[in-house]
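Each chain is listed here by its residues.
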Amino acid sequence: MDTQDVLAQLQRLSERFDELAVRTRRLADENRSLRQQHEQVSGERSQLLAKNEQARSRVEAMIARLKSLEQHT
């Protein structure tokens, strides 16, 4: 293997390394973004579950009041 071949291989390796570095940064950014989205969606889900529970409790209370009114008439 002569010097030209070695230099060409080193150049290809260097280019490949640069491509992998760019890809790694892009994936790290995407991963960070997805984690933030996941946290946001998890928070929204918790809020919706709490609101759902409040609504369920109110509906159950209304049903109980209606049944009570129905029994007293």
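Please refer to the structure placed before this passage.
Below, the structure is looked at part by part. In this text the structure is predicted, and so the values were computed from the model without any measurement.

### So, the overall build of the chain
Here comes step 1: If you tally the helices and strands in the chain, you get one helix and zero strands.
Here comes step 2: Taking 2.2 N^0.38 as the reference for a compact globule, 73 residues should give roughly 11 Å; the C-alpha atoms of the chain span a radius of gyration of 31 Å, well beyond that estimate.
Here comes step 3: Over its C-alpha atoms, taken along the principal directions, the chain stretches across nearly 105 × 15 × 5 Å.
Here comes step 4: The proportion of buried residues among the 73 residues of the chain is 0%.
Here comes step 5: Carbon together with sulfur atoms contributes 55% to the accessible area of the chain, which is approximately 7,100 Å² in total.
Here comes step 6: Looking at the chain, you have 13 positive and 12 negative side-chain charges, and the mean spots of the two groups are 10 Å apart.

### Focus: the environment of alanine 61
Here comes step 1: Relative to the helices and strands, alanine 61 is located in helix H1 (residues 3–72).
Here comes step 2: Sequence separation between alanine 61 and glutamine 71 is 10 residues, and the spatial gap between their C-alpha atoms is 15 Å.

### Re the pattern of salt bridges
Here comes step 1: Per the counting criterion, the structure on display carries four salt bridges.
Here comes step 2: In this structure, glutamate 53 engages arginine 56 in a salt bridge whose closest nitrogen and oxygen atoms are separated by 2.3 Å. In this pair, glutamate 53 and arginine 56 both sit in helix H1, three residues apart, roughly one turn of the helix.
Here comes step 3: In this structure, arginine 56 and glutamate 60 form a salt bridge, with 2.5 Å as the shortest nitrogen-oxygen distance. Taken together, the residues span about one helical turn, with arginine 56 and glutamate 60 both in helix H1 at a distance of four residues.
Here comes step 4: In this structure arginine 56 comes out as partly exposed when scored by relative accessible area, which is 38%.
Here comes step 5: The exposure class assigned to glutamate 60 is partly exposed, which follows from its relative accessible area of 44%.
Here comes step 6: One salt-bridge network, held together by shared partners, links Glu53, Arg56 and Glu60.

What counts as what
Residues numbered from 1 in each chain as written. Predicted model: local features only at pLDDT ≥ 70, side-chain atom pairs only at ≥ 80, totals over all residues. Heavy atoms only, no water. Helix = DSSP H or I, 4+ residues; strand = E, 2+ residues; numbered from the N terminus. Rg over C-alpha atoms; globule rule 2.2 N^0.38 Å. Buried < 20%, exposed > 50% of the residue type's maximum accessible area, 1.4 Å probe, protein only. Areas by Shrake-Rupley, 256 points an atom, 1.4 Å probe, with all protein chains shown as cover. Lys, Arg positive; Asp, Glu negative; His and termini not counted. Charge placed at Lys NZ, Arg CZ, Asp CG, Glu CD. Salt bridge = Lys/Arg side-chain N within 4 Å of Asp/Glu carboxyl O.

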